[in-house]
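Descriptive analysis of the structure
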Amino acid sequence: MSALRAARIAAAAVIPGELVLVLCLAAGLRPPGWVLAGAEALVLGVLLLEARVLWSLYAAARARGLAPPAARRDAVAAAVPEPIRRLLQHELRAFASLGRWVGRRRHGVRPGDLAAAYTGPQTAMMYGLLFVSVIETVGLAVLIPWPAVHRVLLVLDVYGVLAVLGLHAACVTRPHVVRPDGTLRIRYGALFDLTVPPDAVASVRVDRRYPEGRLVSLSDEGVLDLIVGSQTTVTLELNRPLDFRRPLGARASARTIRFHADDPRALVGAVRQPAPP
């Protein structure tokens, strides 16, 4: 078994247990001392193994002539599977969006750009999820008689509330953007980001549809649906296929893109008639 594969298996086995231990400590539970010592020794061993593997990958990248920053990125990319890296990136960006949301700042919107919101169809659902989370927390506190379990569930519920708020905040602070030259940036929070250059646009129109499927759905004909609240309102026809990345990193290409904007006419008008230089 290679050192890289061993490091991945060790991390997959140890990290969930460490998370459970952290949750117990955050909830006020105090495991026996030998449990804490054993867990920390195990985590230290895994960290040393991960550090050794990362250093060997970094050294190999440097031997191929890569500069130190590129070698570090190459080592991390080789050691950590892309879906895990992207999940962590999405999570960090979502929580960072909470600060932007409070400060009323938007990501990637410059003077002269048109920012097109798309959160209208999902806002009620998001706040409904928050309400259900709060009711669940109160209900479990009444029904479950064990204080230790209450504390663990409270930590999980607080994290869940922050995750829902972070997802919505990311969508609010990362709107679609139309540049003055007609470049269109289509986004969904921190999960999806595709830039469409003006010379790739064959046509764009207001077109309300109610497709079925996941957030990002691609048909066999190359039609990409970016669905918000079970609907799309803009159809963008391309004159050549454009590559994009799914939320977990898989690559695909599309010839038609259908997405939602709260004010589709303003967005379509800005794409059709770029501002003069």
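As a starting point, this report considers the structure included with it.

Reading guide: rules and limits
- Residues numbered from 1 in each chain as written.
- Predicted model: local features only at pLDDT ≥ 70, side-chain atom pairs only at ≥ 80, totals over all residues.
- Heavy atoms only, no water.
- Helix = DSSP H or I, 4+ residues; strand = E, 2+ residues; numbered from the N terminus.
- Buried < 20%, exposed > 50% of the residue type's maximum accessible area, 1.4 Å probe, protein only.
- Contact = heavy atoms within 4.5 Å.
- Areas by Shrake-Rupley, 256 points an atom, 1.4 Å probe, with all protein chains shown as cover.
- Pairing = 2+ DSSP bridges.
- Axes fitted to C-alpha atoms, helices over the stretch in contact; angles between N-to-C directions.
- Polar contact = N/O pair within 3.5 Å; in protein donor to acceptor, adjacent residues only side chain to side chain.
- Expected span 1.5 Å × (residues − 1).
- Phe/Tyr/Trp six-rings, centres within 6.5 Å; stacked < 30°, edge-to-face > 60°.
- Core = buried A, V, L, I, M, F, W, Y, C linked by side-chain atoms within 4.5 Å.
- Arc of directions from axis to C-beta.

For the protein, the count of helices and strands is seven helices and nine strands. Counting across all 277 residues of the protein, residues that qualify as buried make up 34%. When contacts within the protein are restricted to residue pairs at least 6 apart in sequence, those whose partners lie at least 24 apart make up 67%. Total accessible area computed for the protein in this model is approximately 15,700 Å², and 64% of it derives from carbon and sulfur atoms.

Right, let's get into the sheet that holds strand S9 (residues 251-259). Strand order in this open sheet of five strands is S5-S8-S9-S7-S6, and the pairing throughout is mixed. On the outer flanks of this sheet lie strand S5 (201-209) and strand S6 (216-218), each paired with one strand and no other. Strand-to-strand twist of the sheet, defined as the mean angle between neighbouring strand axes without regard to direction, takes the value 35°. Of the strand pairs in this sheet, S6 and strand S7 (residues 223-226) are connected by three bridges, and their pairing is antiparallel. Paired with Val 216 across the bridge in S7 is Leu 226.

Let us look at the side chain of Asp 113. Considering the arrangement of structural elements, one finds Asp 113 in the loop between helix H4 (82-102) and strand S1 (114-116). There is a polar contact of 2.8 Å between the side chain of Asp 113 and the backbone nitrogen of Arg 110. Within the structure, Asp 113 has its side chain in polar contact with the side chain of Arg 179 (distance 2.3 Å). Setting aside its immediate chain neighbours within four residues, Asp 113 contacts Gly 108, Val 177, Val 178, Arg 179 and Pro 180.

With that settled, consider helix H5 (residues 120-143). The end-to-end C-alpha separation of H5 is 36 Å, in line with the 34 Å expected for 24 residues at 1.5 Å each. For H5, the full list of buried residues reads Gln 122, Met 126, Leu 130 and Ser 133.

In the structure shown here, the tally under the stated rule is three aromatic pairs. Each ring, one from Tyr 118 and one from Tyr 188, has its centre 5.9 Å from the other, and the planes form 35°; the classification is tilted. Here Tyr 118, found in the loop between S1 and H5, pairs with Tyr 188, found in strand S3 (residues 184-188); they are 70 residues apart in sequence, far enough to count as distant. Side by side, Tyr 118 and Tyr 188 carry an identical accessibility label, which is buried. On the basis of an interplanar angle of 55° and a centroid distance of 6.0 Å, the ring pair of Phe 192 and Phe 244 is categorised as tilted. Residue Phe 192 is located in strand S4 (residues 192-196), and its partner Phe 244 is located in strand S8 (residues 232-245); the two are separated by 52 residues in the primary sequence. On the accessibility criterion, Phe 244 (3% relative accessible area) is buried.

Among the nonpolar cores identified, the biggest contains 34 residues, and Val 196, Leu 236 and Ile 257 are the most heavily contacted of them. It is S8 that provides the largest number of residues to this core, a total of five residues.

This part takes up the environment of Ala 61. Looking at the element boundaries, Ala 61 is found in helix H2 (residues 33-63). A sequence separation of 14 residues divides Ala 61 from Ala 75, and the C-alpha atoms of the two residues are 7.2 Å apart. Discounting residues that sit within four places of it in the chain, Ala 61 has contacts with Leu 66, Ala 71 and Asp 74.

Once that is clear, we can look at helix H7 (residues 264-272). Think of an α-helix as 3.6 residues a turn; residues three or four steps apart then line up on the same face. Those residues of H7 that sit buried are Pro 264, Leu 267, Val 268, Ala 270 and Val 271. The buried side chains of H7 occupy one side of the element, clustering within an arc of 160° when seen end-on. Turned more than 90 degrees away from the buried face of H7, the exposed residues are Arg 265 and Arg 272. Turning to H7, the residues buried within the fold contact S1, strand S2 (176-178), S3, S5, S8 and S9.

With respect to topology, four strands assemble into an open sheet ordered S1-S2-S3-S4, the strand pairing being antiparallel. In this open sheet, the two edge strands, each paired with only one partner strand, are S1 and S4. Geometrically, the sheet is characterised by an average inter-axis angle of 15° between neighbouring strands, direction not taken into account. Pairing geometry for S3 and S4, over five bridges, is antiparallel. Bridge assignment links Ile 186 to a residue of S4, and that residue is Leu 194.

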